[in-house]
Amino acid sequence: MNFLIITAMIAIPVAHILRPHFSSFLEKKIRDEQHSYTLFYKFKDCWGSIVDPTRLMGRPLFLFFLRTNNKDDERFVTELYEAWLTKDISLAVATSDCDRYKYSFNGISNRMYLFDHRFGDLDEKYIQPGHYYFYDDTGKIIIYGDSKVSVSFLEKNLSLAYKMSPPGRTFIDQILENNASFYCPDHQQGKDNIRNKIRIFALFDNVCQSCLEGNIIGYLKDLDRKAGDVFLISIVLSQQFSSKDRHNFIDHFDISFPVFIANDSINENWTAFKEKYSELLINNIVFCVDSAGRLITSFFPGCGCWEEFRKEISALVFEQRKNG
Amino acid sequence: MARQSPFIKTISSIPFLLFLFWQVKPVDEDSLKAWQTLLKKYPPPKDAKELVFVDSIPKDSDQEESFFWGAKTIAADENDNIYVADSKAHQILKFDRVGKFIKRFGRQGRAPGEIENIWKIVFYQGTLIANDVGNMRFQYYDREGNFIKGFKVFKTYLDFDVDSEGLIYAVPIRSTKSERLVEVIDSEGKLIHELGNPLDFQRDWQQLNHAIISLDEEDNILLAFVHFPIVRKYDRQGRLIYERKYPIGFQKKQMEMNYQFEKISRNSRALVGYIVMNDAIKAAKGVWIMNSYPRLEIKKFDYEGNLQDIFWKNRTQDYHASAFLLKIGDKSGEFFVLQTSPENKIEKYKFNH
């Protein structure tokens, strides 16, 4: 009984201290999501004027904002055209009138929908030219990025992102919420700083130092040391690990960022992945998520994209530091 | 164009058939001849003792439940019950001292107590410790197969033994050249320390350093290299007590060939290293080393590295054994050899010493 009272005496003030951080984090997330919904539905209206809107219903949407006379963008659209992703996803390119005509002429419009680049008063943050946005069928952005990435790499990421919607979407949310509780006590010095950082988390069911996991952990440690100002890094271990295993893991690899064991709900979704897709998706998944919880990029064993993943992370570091 | 007669057609196809025959036939014959040549070239020494085959476990007449599928390693408890780890069945089989099947336990899976590819088992004070490689963990069972506890590890271990205090001495698959040969882990999975410098190879430093481990009565560590007839002895602090080489007969040739492989291999890894030692154990104040090619041989050395006895038995060309146990009396003893090819069973041999 005494133990419970003492625990409550400690836990309540701590919860009060941490509450503003959690609530502001969640508020920002909700605000960001509202913007993305707005864009999605505006786009949907626009779509409805050209094609039968029922074709869009219940399908995720890949939307790219093409810049005029940009070689990266042109390559990106051509690659999209040549290697179209999956038939379950609607593909659309928003562009200028002039480019629309050009691409229609080249026959690209047979595989993707081309739209006029006029969306009124939408927040510019969500229509950055040269960027793509991938929405789930409810209008939530689940992955985005710029045209510098190769389509084959994007395709792999999209396939994972697509699989995460649902139950994957809630999966990432759960990890972020769980993750936040691990970060806050250790990083009292700058809540705002934490809020704006990109989150990287790796999920491990087994850890073998000489295998891929060893490479990932080494890379994350290096990234934490060199780009700790940009990323919040963490590792999620499955429930195969006990709390002693977690301690041994931290000691063995000399890890200074948070490592936590998946709670029941994360574990449930994680197992659902395995049952729905394959054993591959229970070990060695790495997610890179922006401060609003949207997936920027990911790595998983089947994608064979470790080098590309690392390049994209490097590009993110450059971009974030450039933008201050 | 003139039509060819059936006779000419037949004649013209002979070179092709001969070519096919030449391509297919010599493969088996060559390896068989090579094996027979080795048997003649490297006969057992005159004072070596031929093993007497007694029995096998399980017997052909036994119930199917007792048969092995992919057994790789064996262990015995204080009552001489024999435990067999079957890495394909993901189970452990228990037999009594006379080889009567008692039970099998464990099943494939990731939950506590379940197994995913088991590589080694060791008995320690009535507890069976298993290296569950697929799940990257060590698991503890009682004699009846009830799960006691387990912990995760972060390396794949080729072999392990347990000292008198329950510390695990394990040989990892090394991922960097600077890693040591043995890791000492406590019974909660915490890494205590590392010991043993690897053999110095430039290219195939990983595979050519694979070793078998065993602890003697004083908890000194005996490390036998799989690809070289070299045994090292370390104390518990990791100080090297000695390194002995046992280049005898065909094992000497194999050692030379493995050194040569390392020298001439232009790739980052040699294709294969000849296995010089299949298993090594401590028992009856000595080091016992087993190899199964070209014949089954078990050699006994004293702790100073002096050869004391050689036991042998001619088997077939495709014979392979992966582990053995020793039961020794004053004048005679028994080997329990786990054959993995062509059959998978334990062979019981008698010997006098």
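As the structure is a prediction and not an experimental result, all values here were calculated from the model.

Cut-offs used in this document
Residues numbered from 1 in each chain as written. Chains lettered and ligands numbered in written order. Predicted model: local features only at pLDDT ≥ 70, side-chain atom pairs only at ≥ 80, totals over all residues. Heavy atoms only, no water. Helix = DSSP H or I, 4+ residues; strand = E, 2+ residues; numbered from the N terminus. Buried < 20%, exposed > 50% of the residue type's maximum accessible area, 1.4 Å probe, protein only. Contact = heavy atoms within 4.5 Å. Areas by Shrake-Rupley, 256 points an atom, 1.4 Å probe, with all protein chains shown as cover. Pairing = 2+ DSSP bridges. pLDDT = per-residue confidence, 0-100. Buried area = accessible area lost by both parts, 1.4 Å probe. Salt bridge = Lys/Arg side-chain N within 4 Å of Asp/Glu carboxyl O. Polar contact = N/O pair within 3.5 Å; in protein donor to acceptor, adjacent residues only side chain to side chain. Axes fitted to C-alpha atoms, helices over the stretch in contact; angles between N-to-C directions. Core = buried A, V, L, I, M, F, W, Y, C linked by side-chain atoms within 4.5 Å. Disulfide = S-S within 2.5 Å. Phe/Tyr/Trp six-rings, centres within 6.5 Å; stacked < 30°, edge-to-face > 60°. Lys NZ or Arg CZ within 6 Å of the ring centre and 35° of its normal. Expected span 1.5 Å × (residues − 1). Arc of directions from axis to C-beta.

Peer 1: Just checking my understanding: could you explain the overall build of chain B for this structure?
Peer 2: When helices and strands are counted, chain B shows 2 helices and 25 strands. Out of the 353 residues in chain B, the part that is buried amounts to 52%. A sequence separation of at least 24 residues applies to 46% of the contacts in chain B between residues at least 6 apart. For chain B, the exposed area adds up to about 17200 Å²; of that, 53% sits on carbon and sulfur atoms.

Peer 1: Just to check I follow, could you spell out the pairing of strand β17 (residues 230–234) of chain B for this structure?
Peer 2: Two faces make up the sheet, and in a regular strand the side chains alternate between them. Residue and element names in this part refer to chain B. Of all 5 residues in β17, 5 are buried, a share of seventy percent or more. In this sheet, β17 lies alongside strand β16 (residues 221–225) in antiparallel orientation, the contact comprising 4 bridges. If you follow Leu222 over to β17, its bridge partner there is Lys233. Between β16 and β17, which pair antiparallel in sequence order, lie 4 residues. Judged from the 5 bridges that link them, β17 and strand β18 (residues 240–245) form a sheet pairing that is antiparallel. Note that in β18 the partner of Val231 across the bridge is Arg244. In this structure, the hairpin formed by β17 and β18 is closed by a connection of 5 residues, where Gly238 is found at a positive phi of approximately 95 degrees.

Peer 1: Where do I start with the confidence of the model for chain B in this structure?
Peer 2: Parts of the prediction with low pLDDT should not have their coordinates interpreted in detail. Looking at chain B as a whole, its pLDDT mean stands at 86, while 88% of the residues score no less than 70. The ipTM value of the predicted complex is 0.76, and its pTM value is 0.73.

Peer 1: Any chance you could explain the interface of chain A and chain B here in plain terms?
Peer 2: By a widespread convention, an interface's size corresponds to the accessible area lost as its parts come together. With 17 residues of chain A at the contact, the number on the chain B side is 19 residues. Taking both sides of the interface into account, the surface hidden between chain A and chain B amounts to around 1500 Å²; carbon and sulfur atoms contribute 47%. Across the chain A-chain B interface, the total number found is 3 salt bridges. Seen at the junction of chain A and chain B, the total is 12 residue pairs in polar contact (both at pLDDT 80 or more).

Peer 1: Could you clarify how one ought to interpret the side chain of His131(A) in this entry?
Peer 2: Structurally, His131(A) can be placed in strand β4 (residues 131–135). In this structure His131(A) touches Leu63(A), Phe64(A), Phe65(A), Gly145(A) and Asp146(A), once residues within four positions along its chain are discounted.

Peer 1: What exactly am I supposed to notice about the sheet that holds strand β4 (residues 82–86) of chain B here?
Peer 2: Where strands meet in a sheet, backbone hydrogen bonds hold them as pairs that are either parallel or antiparallel. Residues and elements named next belong to chain B. Pairing in this open sheet of 4 strands is antiparallel, and the strands run β3-β4-β5-β6 from one edge to the other. The open sheet has two edge strands, β3 (71–76) and β6 (101–105), and neither has a second partner. Strand-to-strand twist in this sheet, taken as the mean axis angle between neighbours without regard to direction, amounts to 20 degrees. Sheet analysis places β3 next to β4, joined by 5 bridges and oriented antiparallel. Across the sheet, the residue bridging to Ala71 is Asp86, located in β4.

Peer 1: What is the right way to read the sheet that holds strand β7 (residues 118–124) of chain B from this model?
Peer 2: Residue and element names in this part refer to chain B. Taken in spatial order, the 4 strands line up as β7-β8-β9-β10 in an open sheet, and their pairing is antiparallel. The outermost strands of the open sheet, each flanked by one partner alone, are β7 and β10 (147–152). Across the sheet, the axes of successive neighbouring strands diverge by a mean angle of 20 degrees, strand direction being ignored. The sheet contact formed by β7 and strand β8 (residues 127–132) spans 6 bridges and is antiparallel. Looking at the pairing, Lys120 lines up with Asn131 of β8.

Peer 1: Mind showing me how you'd approach the nonpolar core here?
Peer 2: A general tendency of soluble globular proteins is for nonpolar side chains to be buried together. In this structure, Phe231(A), Ile235(A) and Phe249(A) are the most contacted members of the largest nonpolar core, which totals 72 residues. Those residues in contact with Phe231(A), other than ones at most four positions away along the chain, are Lys197(A), Ile198(A), Ile200(A), Leu223(A), Ile313(A), Leu316(A) and Val317(A). One finds Tyr169(B), Leu208(B), Leu215(B) and Ile221(B) within the second-largest nonpolar core, a separate group that totals 21 residues.

Peer 1: What is the right way to read the state of the cysteines from this model?
Peer 2: In protein structure, a disulfide is the covalent linkage between the sulfur atoms of two cysteines. All names here are of chain A. Within the structure shown, the criterion is met by 1 disulfide over all chains. Two residues share a disulfide in this structure: Cys208 and Cys211, whose sulfurs sit 2.3 Å from each other. Across the disulfide from Cys208 to Cys211, rotation about the S-S bond amounts to roughly 65 degrees, and the bridge is consequently right-handed. Note on Cys288: no disulfide assigned, nearest cysteine sulfur contributed by Cys305 at a separation of 13 Å.

Peer 1: Would you take a moment to explain the packing of aromatic side chains for this structure?
Peer 2: The description of an aromatic ring pair rests on the distance of the ring centres and on the angle between the ring planes. This model, assessed by the stated rule, comprises 34 aromatic pairs over all chains. Ring centres of Phe64(A) and Phe76(A) lie 4.7 Å apart, and the angle between their planes is 50 degrees; on these two criteria the pair is classed as tilted. Residue Phe64(A) is located in strand β1 (residues 61–65), and its partner Phe76(A) is located in helix α2 (residues 71–82); the two are separated by 12 residues in the primary sequence. Accessibility classification places Phe64(A) together with Phe76(A) in one group, the buried group. A centroid spacing of 5.7 Å and a plane angle of 50 degrees characterise the contact between Phe105(B) and Tyr141(B), whose relative ring orientation is tilted. Linking Phe105(B) in strand β6 with Tyr141(B) in strand β9 (residues 137–141), this pair joins segments that are 36 residues apart in sequence. One aromatic cluster in this structure is built from Phe138(B), Tyr140(B), Phe151(B), Tyr157(B) and Phe160(B). Over the aromatic face of Tyr140(B) sits the side chain of Lys149(B), whose NZ or CZ is 4.8 Å from the ring centroid.

Peer 1: Any chance you could explain the pairing of β4(A) here in plain terms?
Peer 2: All names here are of chain A. Burial analysis of β4 places 5 of its 5 residues in the buried class, which makes it a mostly covered element. Alternating residues of β4 divide into His131, Tyr133 and Tyr135 and Tyr132 and Phe134, and every residue in both groups is buried. Bridging between β1 and β4 involves 4 bridges; their strand directions are antiparallel. Across the sheet, the residue bridging to Phe64 is Tyr132, located in β4.

Peer 1: What am I meant to see in helix α6 (residues 212–227) of chain A here?
Peer 2: Residues and elements named next belong to chain A. Over its 16 residues, α6 extends 22 Å from the first C-alpha to the last, a length consistent with the 22 Å expected when each residue adds 1.5 Å. Among the residues making up α6, those that are buried are Glu213, Gly214, Ile216, Ile217, Tyr219, Leu220, Leu223 and Ala227. Looking at the buried positions of α6, the neighbouring elements they touch are β6 (198–204), β7 (231–237), α7 (243–253), β9 (285–289), β10 (295–299) and α9 (306–322).

Peer 1: Got a minute to help me understand α2(A) in this structure?
Peer 2: All names here are of chain A. Over its 12 residues, α2 runs 16 Å from end to end, which matches the ideal 16 Å to within 8%, given 1.5 Å per residue. The complete set of buried residues in α2 reads Asp73, Phe76, Val77 and Leu80. Seen end-on, α2 carries its buried residues on one side only, within an arc spanning 95 degrees. Exposed side of α2, more than 90 degrees from the buried face: Lys71 and Glu82 are the residues found there. In this structure Asn70 caps α2, since a side-chain oxygen of it lies 2.9 Å from the backbone nitrogen of Asp72.

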